[in-house]
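# Understanding the architecture of this molecule
Chain by chain, the residues run as shown.
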Amino acid sequence: MAAHRCSYIAVLLSFCGLSLFIVAGSQKTTLPVGEHAAANGNPQTGTETAEQTTEPPAVEEELWEATEVEGATPDDAATDTPDTSTQESVVLSPVAQPKDDFQEELVIRPLPSGDIYASFQFRTLWETDFRVSHYRLFPKSLGQVISKFSVRELHISFTQGYWRTMQWGQPFQSSPPGAELWVWFQDSVTDVDSTWKELTNVLSGIFCASLNFIDSTNTVQPSASFKPLGIGNVTDHRFLRYATLPREIVCTENLTPWKKLLPCGSKAGLAVLLKSEKLFYSSFHSQAVHIRPVCRDQDCKTTSWELRQTLNVVFDLHTCAQGKREWSLFKMFSRTLTEACPLASSSKIYIDITDNPQGEQFELSPATSLLSQAVVLGDRRTFSVYDLTQRITFGTVHSLNLLIRWKSSEGHTLRPLLHAERYVAGYGLHVGEIHTVMYNNHPYRSFPVMLLELVPWYLRLYIHTLTVTSKGKENTPSYIHYQPSKDRVRPHLLEMLVQLPPNSVTEVTMQFERALLKWTEYTPDPNHGFYVGSSVISSLVPSIVAMDTNITLEQPLFSSFFPCKEESSFFVRVYTEPLLVNLPTPDFSMPYNVICLTCTVVAVGYGSLYNLLTRSFQIEEPSPGLAKRIANIIRKMRGVPPL
Amino acid sequence: MGLLSDPNRRRALISLLTRLNAPICVVCYMAGVAWFMGLAFEPFTLRTYMSENAMGSTMVEERFPAGERALATGREFSAHKKKVGGMPVDWLVKTMQDRGLEVFTQRFSRTLPFPDENKERYMVKGTNVYGILRAPRAPRTEALVLSAPCTPGDHNNQAVGLLLGLAQYFRNQIYWAKDIIFLVNEHDLIGMQAWLEGYHHTNTTGMNWSPLQGRGGSIQAALSLELSSDVITSLDLVLEGLNGQLPNLDLANLFYAFCQKIGVVCTIQGKLQRNDWDSVSGYSHSVQTLMLMVMKQASGRPWGDHGLFLRYHIEAATIKGINSFRQFKRDATTIGRLLEGMYRKLNNLLERLHQSYFFYLMPSLSHFVSIGYYMPAFCLLAVILLQALDLWVQIATPQESSPGVLSVLTPLVISHLTGVALYTLPTRFQEMAVEHFPVSETEAVVLTAIAVYTAGLALPHNTHRCLGTEQGWKVLKLVALLYLAVLLGCTALINFSLGYILALTLVPAAAFVTPNLPKVLSAFIMVILSPACTLLYSVFFFQELQEAPVSFQDGWLLYLSVISQGILDHFLYGSLVYPLIALLVYPCWLLFWNILFWK
């Protein structure tokens, strides 16, 4: 079966390549026109122009690949026969195999609340364009998905629990409860919606999740909130799709396929710690896959694909540690480390010791002399580093069991610069109000945030009731993008750019009406309520320290996810909690049916009964014959009394 | 249909109805009362059973160990309460934080429309403290509430202690799927009202509160705890909420099931369960229990802190610890285990409680009367519609001077204006009354209400200027009867008890009244059957049922305080009984009064 699929893909790939070259060759003369159109940024000029504009990047890409593989001149691409042979040689010869690289990392941050945050980061870099069928480190299932659906960027996350910003600060990568998927397609994709539909179904199979429930009623195209994180400056949001499934439950069945994407699986390296019985005995669990093209070097002339797998977990002080402030790898994961993944070029553990410079808060054993500093989330943090590729790290027992033991038990309180919450106000089943509250805790800087609200169609938003207030005064958003919903077709999408004044609370309120669904549209548990996904707040928050803007510099993985354009601010995405809204629900029970039936009968009977009771009957004489009636009409016209 | 469309048969049927009208009405009235009395007879009622699958079949273990420590915390709380002279906010915040909860406070203030003499409060200021236990791996969409009021004096310290003990124990468990909110509210119902309004960001009663900082999503169920002694002999379940709303019966079933399992004696309306239903005393016992529930429900006031949750479609009940049946002593650990079990089962809920009944009466904790059984009792009373049919037939026979329907407009408008006066004047003119008469504000309000009510009786002599014919009062009576039927029907659908009690007195008055009766006697009967007198009997009857009979003097004072409480309930919590009586029932009764004095 697998072999069949592989050969099919190979054929498909070579066919794609072939057709691309043919198209490229035939369009060579029209290229400047196409570029002109692209430069104008005029996407709505009919299908023909769209096709033209979408072609040139494909040609370019082909050129990169050609130079990469055998250093051929770009002109060679026009000829057909040598190219196909090149393709085959790439597939067959292991010598020309593209370079790939795998890194793994575990960051452990003791949180002020006494809980502990562990973040796994795995990164696979591959200098390829997926026109090959031999995969080494990169998972083949994902590679095929990327090439088949012309995906430019793919971000998927599965989260169980809610990140408590007020207690825990900002996570390295944030994600909403449930499943979230956002994809940028290549601009060569003509029918984005059907591609998206297919892609969600395929991903649903790969990750063993209900992503197939993503359809047009929960998919939107945000205009500003989700910019590509990789390189590439196409920001036409027609090629972006965003969807969340707030109800998705994440469990072992999602973890296993996620682990299988790793080069070492869960056999060696940091991934041996990922045992589900401990990972799911926690306060928060989030796993994600991010695929994007990144620069290969400083000049950024060529790209490679980056696959980033992250897993964030927070262990609770009270339930996991019985209130004792003492954490070890064994206590957290019921495993210790014995080796790095042999395929990894780097394998490190970082422990955040910023709050503990002299060792007065907690002690760390075994001690390490290796320290590292990284600027992450607007703060310069110090980390103790354990390099797993060095044998010395494991000591004499050949096993590493990191131990953090607190000396004092008081935690300091946290004041994250930006956080948000959301709730439904009102009572009854007719109307309600969605409140989104955003807190800017910066003492003197105001900053803008991009708020995205994705509301299902069955909550009918009264957009005229939209109010934005900060410090009791009205706050006018500088940008509003609103797409009204269509019943059973698409959701509401509201994006707003709001300036948050320093040290303030900004409240966005909107009233809505609850729709009465058709009786087949209710879920099997209608009285549970219906979910409204998290709203997304993306912002450039003023940074306390200068951020690193040099993306090619060697950095720990956790600090290099969001590209940083300027030194004075850092990018943060905050998700609010999802909402559970009750809709008017018929009582789907036997008495309900009986009542409906009786009411119908009564309603039918009442009309006639009432009619009979109120009408007075009079006996009327039999109607006269036709002749008499005509005679009467004539007499009436003459003005004589009728017969 | 054929029967009615044939003019001859129709005439026969109608003449039959008109002839037998009075006997039919009397028989139906009797049958209605008899049916109602039969509801308390055990073989006629259903046993309670758990409808909700998520709570029924799953078993939970109760392991709460720390009852003694909870009581110690309660004593500490009491000491701090005494020291501060009110709610020890700082201590509570710190204690909850130590137990690993996210703690928030809410300040509120409310000036009552007039001083509440029962609880001695006028300008109320207070603080609610609540801690949220965040369920691990749950996205803050659902929550459960456990609340304990912080009452002045020595009351309820054990409840707060147990609440904190449970919070500590619950925090160390991993199995929670819903956030649990532990709330200590000050000034009982006013604090609860402020907290609920803050949580749902509504303002229905004009209270001032500071917005809440932390929430846990939509609240699925709530329990309010009242314990005032270290040793508990039994637990009493209070269900009656605002406007006679009741929580889903499954909540009562859950409580009953756990009391059975853990072996705690449980009561409802403070009445122990008895097994001798076939004896007279056993029957009268369950009649008493049922009547108490009817009385409490009809009053429309919240009978515990849980009562205000029901407006927000949150199933809630109050659990009261009683210390009077000496032979069954239970310690705080047992109560803690009972609550733990209940919360674990509520935590298992997949949907809101909706499977079981929302409209029911309980003659004992193990038996209930559903809406399908008690509604016929009301329907039999509402047969006065036959009277209306009779009048309709009489009016329909053509006469010379048939007055238009507009002629009844004057009495309708005047009686409703009286109703509006009864609703607005007492609170509007309390200052003026206090200035001119030697009474307190509360007395002023109540006495003004009674004065307006009595003054309304004098009105009919002035309102029959329109065609004072035979036909005139019949039209008026027809309108009044239909009005009464609709009014009582709607009331009974929302609050059966209130509708039934009103129907019990208003229906005979409405049925017999004509202008041709001896004036003095019938006026006396009418007054006796008026809504105000119904309230007076209810007060005495309620005291009788509670086995605390009062003398007439005390009963009258109680009556006055009940009126003031009713008015306060309306302004503080939005209870609808006072406006219903003042704006609709009283004017309707005035219409019948008007007919009696028709010339």
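As the structure is a computational prediction, the values presented were derived from the model and not from experiment.

## Section: unusual backbone geometry
Cis peptide bonds are those with omega within 30 degrees of zero, and the linkage from S365 of chain A to P366 of chain A qualifies with 0°. For S334 of chain A, which is not glycine, the phi torsion reads 55° and is therefore positive. Here the phi dihedral of H313 of chain B falls at roughly 60°; this positive angle occurs in a residue that is not glycine. Within the secondary structure, H313 of chain B is located in the loop between α9 (280–299) and β10 (315–322). The class for H313 of chain B is partly exposed, based on a relative accessible area of 34%.

## Notes on the pairing of strand β17 (residues 447–455) of chain A
For a regular strand, the rule is simple: side chains alternate between the two faces of the sheet. Residues and elements named next belong to chain A. Taking burial as the measure, the 9 residues of β17 include 8 buried ones, the bulk of the element. Pairing analysis gives 9 bridges linking β17 to strand β21 (residues 492–500), with the strands arranged antiparallel. Each residue of the ladder has a partner; that of V449, found in β21, is V498.

## Some details on the confidence of the model for chain B
A low pLDDT score tells you not to read the predicted coordinates there in detail. Looking at chain B, pLDDT values average 88 and 95% of them are 70 or higher. We note a pTM of 0.86 for the whole complex and an ipTM of 0.89 for its interfaces.

## Side note on helix α5 (residues 89–98) of chain B
Taken as a whole, α5 of chain B has its buried residues at V89, W91, L92, V93, T95 and M96 of chain B. Looking at the residues trailing α5 of chain B, positive phi occurs at G100 of chain B, about 85°.

## A look at the domain arrangement of chain B
Residues and elements named next belong to chain B. Under the domain assignment used here, chain B contains domain 1 (53–352) and domain 2 (401–597). The distance between the C-alpha centroids of domain 1 and domain 2 comes to 36 Å. With 32 residues of domain 1 at the contact, the number on the domain 2 side is 29 residues. Summed over both sides, the interface of domain 1 with domain 2 buries roughly 2700 Å², with 62% coming from carbon and sulfur. Of all residues in domain 1, F114, N243 and M295 give up the largest surface area on contact with domain 2, accounting jointly for 25% of the area buried on that side. Across the pair E547 and K271 runs a salt bridge, and its minimum N-O distance is 3.2 Å. Our enumeration of links across domain 1 and domain 2 arrives at 13 residue pairs in polar contact (both at pLDDT 80 or more). Taken together, the elements giving at least two residues each to the side of domain 1 that touches domain 2 come down to β2 (102–116), α7 (188–200) and α9. For the side of domain 1 that touches domain 2, the element with the most residues is α9, which contributes 9 residues.

## Here's the deal with the pattern of salt bridges
Counted under the stated rule, the structure contains 34 salt bridges over all chains. E363 of chain A serves as the salt-bridge partner of R405 of chain A, at 3.8 Å between the closest nitrogen and oxygen. Placement of the pair is R405 of chain A in strand β14 (residues 403–406) and E363 of chain A in strand β11 (residues 362–365), with a sequence separation of 42 residues. Residues joined in a network through salt bridges with shared partners are E577 of chain A together with E102, R134, R140 and D179 of chain B.

## Section: the domain arrangement of chain A
Partitioning chain A into structural domains gives domain 1 (2–92), domain 2 (100–406), domain 3 (418–581) and domain 4 (589–616). Placing the centre of domain 2 of chain A and that of domain 4 of chain A at their C-alpha centroids yields a distance of 63 Å.

## Concerning the packing of aromatic side chains
Residue and element names in this part refer to chain B. This model, assessed by the stated rule, comprises 55 aromatic pairs over all chains. Arranged with centres 5.8 Å apart and planes meeting at 45°, the rings of W303 and F542 form a pair that is tilted. Of this pair, W303 sits in the loop between α9 and β10 while F542 sits in helix α20 (residues 531–545), placing them 239 residues apart in sequence. Under the relative-accessibility criterion, W303 is labelled partly exposed at 26%. Here F542 falls in the buried class, since its relative accessible area comes to 14%.

## Digging into the pairing of strand β2 (residues 116–126) of chain A
Residues and elements named next belong to chain A. Along β2, 11 of the 11 residues are buried, which leaves the element largely enclosed by surrounding structure. Covered by surrounding structure in β2 are I116, A118, F120, F122, T124 and W126 together with Y117, S119, Q121, R123 and L125, the residues of both alternating faces. As defined by bridge partners, strand β1 (residues 100–110) adjoins β2 across 11 bridges and the pair is classed as antiparallel. Considered in β2, the bridge of L106 is made with F120. Counted along the chain from β1 to the antiparallel partner β2, the turn is 5 residues long, and its residue G114 has a positive phi close to 100°.

Conventions used here
Residues numbered from 1 in each chain as written. Chains lettered and ligands numbered in written order. Predicted model: local features only at pLDDT ≥ 70, side-chain atom pairs only at ≥ 80, totals over all residues. Heavy atoms only, no water. Helix = DSSP H or I, 4+ residues; strand = E, 2+ residues; numbered from the N terminus. Buried < 20%, exposed > 50% of the residue type's maximum accessible area, 1.4 Å probe, protein only. Pairing = 2+ DSSP bridges. pLDDT = per-residue confidence, 0-100. Domains from an automatic or database assignment. Contact = heavy atoms within 4.5 Å. Buried area = accessible area lost by both parts, 1.4 Å probe. Salt bridge = Lys/Arg side-chain N within 4 Å of Asp/Glu carboxyl O. Polar contact = N/O pair within 3.5 Å; in protein donor to acceptor, adjacent residues only side chain to side chain. Phe/Tyr/Trp six-rings, centres within 6.5 Å; stacked < 30°, edge-to-face > 60°.

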